[in-house]
Amino acid sequence: MTILEQILEVKKLEVADLLKQEALSKFTKTPSEPPSLFETLYNTQHLQVISEIKRASPSKGLINGHVNPVQQALAYEKAGAVAISVLTDQQFFKGSMDDLQAVSSAVNLPVLCKDFIIHPLQIDQAKRAGASVILLIVAALEQPLLQELFDYASKLNLEVLVEVHDVEELQRALVINAKMIGVNNRNLKTFEVDLANTAQIAAHFPFHEQRVLISESGIAEVSDAISVAQVGAHAVLVGETLMRTENIDEILHTFHVKRGECR
Ligand SMILES: O=P(O)(O)OC[C@@H](O)[C@@H](O)c1c[nH]c2ccccc12
């Protein structure tokens, strides 16, 4: 079984539990609406950074077990992050919906619920914990379920980041008319990271339509930011590098490079 398959097995059990407990009432929605991530990114001439709260991962083990998610999110906001991504998976990433709730009440930025969503109930839960964006992973979902979850989130006024890994998955994201498409440079089945993934997908990306491209995973150096900005990425999603550094300000500042002309 690949790690993605293992994660999805556990998710099915978690959702079954959720359905039993209906443990949703604990979360209340944040009062103020954050800005639209799509609008901010669509209009940007410079590469923006979505900064992630990630304690651990299956590929890296423990990354930063002592992080205070609220302090970390406030540091990201102060440094100019365009949005905060919060890993909410417990078993594989040591995150939680409580982290998401705490972060979304502390910042005035869009907050992305980063999880393996396979059921509408998880979208309700994300919304109630204050997320304004959710992630849907094409590799984890059959097309009808991808469409159903996308429509459900849109109906709740959530923005959706649709994650793809190859050109075939890009086509599936375009079929559901996803506006925000993330290219994961890490293959969730093998953990291999290759920034060339972003370039490959950018070559097939309809930049002339109203869509944004986000390069996810493995961004560590300014040269990485430059390489994905050059092929037209509007933003990078950065976890590990920011979770390990003492210099959040400097990293965000140096990643804010000019984008290539791709429209
Ligand atoms: O820590 P990194 O290599 O900067 O990666 C961040 C983010 O892209 C990664 O956490 C991620 C991208 N897609 C995912 C899907 C599920 C879990 C995690 C992810």
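Since the model is a prediction, treat every value here as computed from it, not as a measurement.

Enquirer: So what exactly am I meant to see when it comes to the overall build of the protein here?
Expert: Counting secondary structure elements, the protein contains 11 helices and 10 strands. Seen through its principal axes, the protein has C-alpha atoms that stretch 50 × 40 × 35 Å. Across the 263 residues of the protein, 44% fall into the buried class. The contacts of the protein with a sequence gap of at least 6 include a subset with a gap of at least 24, amounting to 69%.

Enquirer: Before we go on, may I ask you to explain the site of the ligand in this structure?
Expert: Lining the immediate environment of the ligand, one finds 15 residues, of which Glu 216, Ser 217, Leu 237, Gly 239 and Glu 240 sit closest. For the shell around the ligand, the secondary-structure elements that each account for two or more residues are strand 10 (235-238) and helix 10 (240-244). Residues belonging to the shell around the ligand are distributed by class as follows: 4 nonpolar, 5 polar and 6 charged.

Enquirer: Whenever I open this one, the sheet that holds strand 5 (residues 111-114) confuses me. Can you help?
Expert: Within a sheet, adjacent strands bond to each other through the backbone by hydrogen bonds, running parallel or antiparallel. The strand order around the closed barrel formed by 8 strands is 1-4-5-6-7-8-9-10, and the pairing between neighbours is parallel. Each adjacent strand pair in this sheet contributes to an overall mean axis angle of 25 degrees, direction not counted. Note: strand 6 (residues 133-137) against strand 7 (residues 159-164), 5 bridges, orientation parallel. Bridging from a neighbouring strand, Ile 134 pairs with Val 160 of strand 7. On top of the sheet, helix 7 (residues 167-175) reaches strand 7 and strand 8 (180-184); it is set at about 155 degrees to strand 7, its chief contact.

Enquirer: What should I look at first to understand helix 9 (residues 222-230) in this one?
Expert: Within an α-helix, residues lying three or four positions from one another point in the same direction, as the helix has 3.6 residues per turn. Within helix 9 the residues assigned to the buried category are Ala 225, Val 228 and Ala 229. Along the long axis of helix 9, the arc covered by the buried residues comes to 105 degrees, so they all point the same way. Those residues of helix 9 that are buried are in contact with helix 8 (196-202), strand 9 (212-216), strand 10 and helix 11 (248-255). In the stretch just after helix 9, Gly 232 is the one whose phi turns positive, near 110 degrees.

Enquirer: Sorry if this is basic, but what is going on with the confidence of the model for the protein here?
Expert: Low pLDDT marks stretches whose predicted atomic positions should not be read closely. Across the protein, the average pLDDT comes to 94, with 95% of residues at 70 or higher. Two numbers describe this predicted complex: its pTM, 0.92, and its ipTM, 0.99.

Enquirer: Is there a simple way to think about the nonpolar core in this case?
Expert: Note on soluble globular proteins: their nonpolar side chains tend to be buried together. Core analysis: the largest hydrophobic core is formed by 73 residues, its most contacted members being Ile 84, Val 111, Ile 134, Leu 136 and Val 236. Sequence-distant contacts of Val 111, defined by excluding residues within four places in its chain, comprise Ala 83, Ile 84, Val 86, Leu 100, Val 103, Ser 104, Gly 130, Ala 131, Ser 132 and Val 133.

Enquirer: Just checking my understanding: could you explain the pairing of strand 10 for this structure?
Expert: Taken residue by residue, a regular strand's side chains alternate between the two faces of the sheet. Residues Ala 235 and Leu 237 of strand 10 are buried on one face, and the alternating residues Val 236 and Val 238, pointing to the opposite face, are buried as well. As paired elements, strand 9 and strand 10 share 3 bridges and run parallel to each other. Residue pairing in the sheet places Glu 216 in a bridge with Leu 237 of strand 10. Once you follow strand 9 into helix 9 and on to strand 10, the crossover reads as right-handed.

Enquirer: Is there a simple way to think about the pairing of strand 1 (residues 48-53) in this case?
Expert: Among the 6 residues that make up strand 1, 6 are buried, leaving the element largely enclosed by the rest of the structure. Neither face of strand 1 is exposed, since Gln 48, Ile 50 and Glu 52 on one face and Val 49, Ser 51 and Ile 53 on the opposite face are all buried. Both strand 1 and strand 10 contribute to a ladder of 4 bridges, which runs parallel. Bridging across to strand 10, Ser 51 finds its partner in Val 238.

Enquirer: What am I meant to see in helix 3 (residues 69-78) here?
Expert: Turning to helix 3, its buried residues number three or more, namely Pro 69, Gln 72, Ala 73 and Tyr 76. One face of helix 3 carries all of its buried residues, which in axial projection span an arc of 100 degrees. Facing away from the buried side of helix 3 by more than 90 degrees, the exposed set consists of Gln 71 and Lys 78. The elements touched by buried residues of helix 3 are strand 1, strand 4 (83-87), helix 4 (97-106) and helix 11.

Enquirer: Explain the packing of helix 3 against helix 4 to me, please; I cannot follow it from the model alone.
Expert: Packed helices, taken two at a time, are described by the angle their axes make and the gap between the axes. In the contact formed by helix 3 and helix 4, the axes pass within 9 Å of each other and the chain directions differ by 40 degrees. With respect to their mutual orientation, helix 3 and helix 4 come out oblique. In this structure, the crossing between helix 3 and helix 4 has a hand that is right-handed. Taking contact as the criterion, the partners of Pro 69, Val 70, Ala 73 and Leu 74 in helix 3 are, on helix 4, Asp 99, Ala 102, Val 103 and Ala 106. Considered class by class, the residues forming the contact of helix 3 with helix 4 number 7 nonpolar, no polar and 1 charged.

Reading the values: rules and limits
Residues numbered from 1 in each chain as written. Predicted model: local features only at pLDDT ≥ 70, side-chain atom pairs only at ≥ 80, totals over all residues. Helix = DSSP H or I, 4+ residues; strand = E, 2+ residues; numbered from the N terminus. Buried ≥ 20, exposed ≤ 12 C-beta atoms within 10 Å, placed from the backbone. Contact = placed C-beta atoms within 7 Å. Near = placed C-beta within 6 Å. Nonpolar A, V, L, I, M, F, W, Y, C, P; charged D, E, K, R; others polar. Pairing = 2+ DSSP bridges. Axes fitted to C-alpha atoms, helices over the stretch in contact; angles between N-to-C directions. Arc of directions from axis to C-beta. pLDDT = per-residue confidence, 0-100. Core = buried A, V, L, I, M, F, W, Y, C linked by C-beta atoms within 7 Å. Right-handed = clockwise from strand over helix to strand, strands pointing away. Parallel < 35°, antiparallel > 145°, perpendicular 65-115°, else oblique. Left-handed = near helix turned anticlockwise from the far one by under 90°.

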